[in-house]
Amino acid sequence: MRATTIHAPFDMRVEDVPDPVIQESTDVVLRVLRACICGSDLWAYRGESARQPGQRIGHEFLGIVEAAGSDVTGFAAGDLVVAPFVWSDGTCEYCAEGLQTSCPRGGFWGSVGSDGGQGEAVRVPYADGTLVKLPAEAAGDDRLLTALLALSDVLGTGHHAALGAGVTKGSTVAVVGDGAVGLCGVLAAKRLGAERIIALGRHTARTDIARSFGATDVVAERGEAAEAAVRELTGGQGAHAVIEAVGTEQSMRTAVGITRDGGSIGYVGVPHGSGTGLDLSVMFDRNIALRGGVAPVRAYIPELLPDVLSGAIDPSPVFDLTVDLSGVPAGYKAMDDRTALKVLVKP
């Protein structure tokens with residue numbers, strides 16, 4: 001089969017790799033129908049996250065079960081399923097608590113020795129604890145299938161950020177970051193009943209999506225100018241709930257600066273220098289709470305799935321470029337050049 005591999009910074013290749021097979025009785029082999037490139041994949045692409053030459057990559061995908069191990073009870077060949085970006089056994093204490101990202105037997109797609117989602121097929125460990133079944137008829141609906149793909153990461157991650165930020169009905173929310181996760185944070189805040197949503201972003205194509213997702217205001221400034229603009233919009237107080245979806249020092253400083261006293265920040269941007277953006281004395285003095293981290297999207301899929309199926313929420317607009325498998329290297333370049341927001345892959 002063919003799959004995407006990374007060999008060095010900016011060196012992505014689509015190569016022949018061994019076909020996945022059932023190795024444990026709890027595995028399934030899944031044929032990938034849809035995958036995508038994540039903003040967090042760009043850290044590896046740029047060489048800021050270490051990878052071994054030839055390592056697989058990609059952690060967002062859905063597809064059709066082709067084979068199931070003898071101990072798999074929830075899935076059979078032919079089932080349409082979505083995979084969260086971390087596999088988990090579904091039986092440990094962390095899984096029972098809805099924190100599948102801390103499962104001791106879990107792992108990330110594309111880690112050393114595992115398959116990546118940006119390929120033709122994937123071996124899925126602990127299938128019963130990991131996968132979520134989708135309606136079979138969705139396989140024939142291209143837009144719906146694309147929207148359902150967002151359940152594998154960005155939609156659940158935006159939801160996680162909104163929960164961490166304490167978004168409630170009638171609240172004022174600010175979203176730092178106009179990438180796919182930030183936009184899904186806007187969508188999640190709207191779904192949770194936020195009355196006012198301020199999207200921080202400078203790219204019109206992205207802020208237009210933010211407005212369609214429910215943003216009531218857009219702030220294009222950065223740094224101190226952005227803080228001043230948000231405070232002007234909120235009567236000098238700042239937002240009750242702030243979603244941080246970038247992970248840099250500047251984005252975290254901005255998030256703290258635009259949070260209302262007594263408010264909360266939900267952070268889901270993969271940290272890259274963001275620790276230096278935190279001044280605990282400021283957060284202490286202003287009673288600002290910080291909560292977030294790696295989103296346990298497996299816990300959120302059952303809640304979010306009905307709204308995607310009904311059309312109540314539609315995250316599909318975050319995918320603005322579609323490639324086949326051979327086009328994945330060009331897709332990485334497009335996202336790195338910011339000419340694409342999020343690249344959809346159709347193997």
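Heads up: the structure comes first, above all this text.
Note that this is a predicted model, so its numbers are computed, not measured.

A. Structural context of unusual backbone geometry. Even without being glycine, Y126 reaches a positive phi, approximately 45°. Here Y126 shows up in the loop between β9 (121–124) and α3 (127–130). The class of Y126 is partly exposed, set by a relative accessible area of 22%.

B. Representation of the sheet that holds strand β16 (residues 289–292) in the model. As summarised here, the arrangement of the six strands in space is β13-β12-β11-β14-β15-β16, forming an open sheet in which the pairing is parallel. Each having just a single partner strand, β13 (217–219) and β16 make up the two edges of the open sheet. Strand-to-strand twist of the sheet, defined as the mean angle between neighbouring strand axes without regard to direction, takes the value 20°. Judged from the four bridges that link them, strand β11 (residues 172–176) and strand β14 (residues 239–244) form a sheet pairing that is parallel. Bridge assignment links V175 to a residue of β14, and that residue is I243. Packed onto the sheet, helix α5 (residues 154–164) meets β14, β15 (259–267) and β16 and runs at close to 155° relative to β15. Sheet contacts for helix α9 (residues 249–257): β11, β12 (196–200), β14, β15 and β16; angle to β15, the most-contacted strand, approximately 145°.

C. Up close: the side chain of T172. Mapping T172 onto the fold places it in strand β11. Taking relative accessible area as the criterion, T172 reaches 14% and is therefore assigned buried.

D. Here's a closer look at the packing of aromatic side chains. On inspection of all chains with the given rule, the structure shows five aromatic pairs. An aromatic cluster is defined as three or more aromatic residues linked by ring pairs; in this entry it consists of F10, Y45 and Y332. The side chain of R46 reaches across the aromatic face of W43, ending 5.5 Å from its centre.

E. Structural view of the sheet that holds strand β4 (residues 55–56). Spatially, the three strands line up as an open sheet ordered β2-β1-β4, and their pairing is antiparallel. Each edge of the open sheet carries a strand with a single partner, namely β2 (11–16) and β4. For strand β1 (residues 2–8) and β4, the ladder comprises two bridges, and the chain directions are antiparallel. In the sheet register, I6 faces β4, and the bridge partner there is Q55.

F. Quick peek at the pairing of β14. Most of β14 is tucked away, with five of its six residues classed as buried. With α9 bridging β14 and its parallel neighbour β15, the resulting β-α-β unit is right-handed.

G. A look at the packing of α5 against helix α6 (residues 180–191). One can describe the packing of α5 onto α6 by two numbers: an axis separation of 7 Å at closest approach and a directional angle of 60°. Judged by the angle between their axes, α5 and α6 are oblique. Read as a crossing pair, α5 and α6 show a hand that is right-handed. Taking contact as the criterion, the partners of V154, L155, T157, G158, H159 and A162 in α5 are, on α6, A180, V181, C184, G185, L187, A188, A189 and R191. Broken down by class, the residue content of the contact of α5 with α6 amounts to nine nonpolar, four polar and one charged.

H. Region of interest: the environment of G106. Mapped onto the elements of the fold, G106 is located in the loop between α2 (93–96) and β8 (107–108). Taking C-alpha positions, G106 is 9.8 Å from C95, a pair spaced eleven residues apart along the chain. Leave out the neighbours within four places in its chain, and G106 touches W87 and S88.

I. Fine view of the environment of G327. Following the sequence through the fold, G327 ends up in the loop between β17 (321–324) and α12 (328–336). Separated by 195 residues in the primary sequence, G327 and V132 place their C-alpha atoms 28 Å from one another.

J. Geometry of the nonpolar core. Ranked by internal contacts, the top residues of the largest apolar core, which has 53 residues, are L62, L148, L151 and L155. Sort the elements by how many residues they give to this core and α6 lands first, with eight residues. Beyond its immediate stretch of four places on either side in the chain, L62 contacts L30, R31, V32, L33, R34, L80, V81, V82, L134, L145, L148 and L149. Grouped together as the second largest cluster of nonpolar side chains are 32 residues, I57, V65, A83 and W109 included.

K. A look at the pattern of salt bridges. Scanning all chains against the criterion turns up 19 salt bridges. With a shortest N-O distance of 3.4 Å, R191 and E303 are connected by a salt bridge. With R191 in helix α6 and E303 in helix α11 (residues 297–310), the pair connects residues that are 112 residues apart, well separated along the chain. In this structure E303 comes out as partly exposed when scored by relative accessible area, which is 39%. Between D307 and R191 there is a salt bridge, and its shortest N-O distance comes to 2.7 Å. One end of the pair, D307, is in helix α11; the other, R191, is in helix α6, and 116 residues separate them in sequence. The exposure class of D307 is partly exposed, given its relative accessible area of 22%. R191 gets classed as partly exposed once you look at its relative accessible area, which sits at 26%. Each of R34, D142 and K346 takes part in one network of salt bridges that share partners.

About the criteria used
Residues numbered from 1 in each chain as written. Predicted model: local features only at pLDDT ≥ 70, side-chain atom pairs only at ≥ 80, totals over all residues. Heavy atoms only, no water. Helix = DSSP H or I, 4+ residues; strand = E, 2+ residues; numbered from the N terminus. Buried < 20%, exposed > 50% of the residue type's maximum accessible area, 1.4 Å probe, protein only. Pairing = 2+ DSSP bridges. Axes fitted to C-alpha atoms, helices over the stretch in contact; angles between N-to-C directions. Contact = heavy atoms within 4.5 Å. Phe/Tyr/Trp six-rings, centres within 6.5 Å; stacked < 30°, edge-to-face > 60°. Lys NZ or Arg CZ within 6 Å of the ring centre and 35° of its normal. Right-handed = clockwise from strand over helix to strand, strands pointing away. Parallel < 35°, antiparallel > 145°, perpendicular 65-115°, else oblique. Left-handed = near helix turned anticlockwise from the far one by under 90°. Nonpolar A, V, L, I, M, F, W, Y, C, P; charged D, E, K, R; others polar. Core = buried A, V, L, I, M, F, W, Y, C linked by side-chain atoms within 4.5 Å. Salt bridge = Lys/Arg side-chain N within 4 Å of Asp/Glu carboxyl O.

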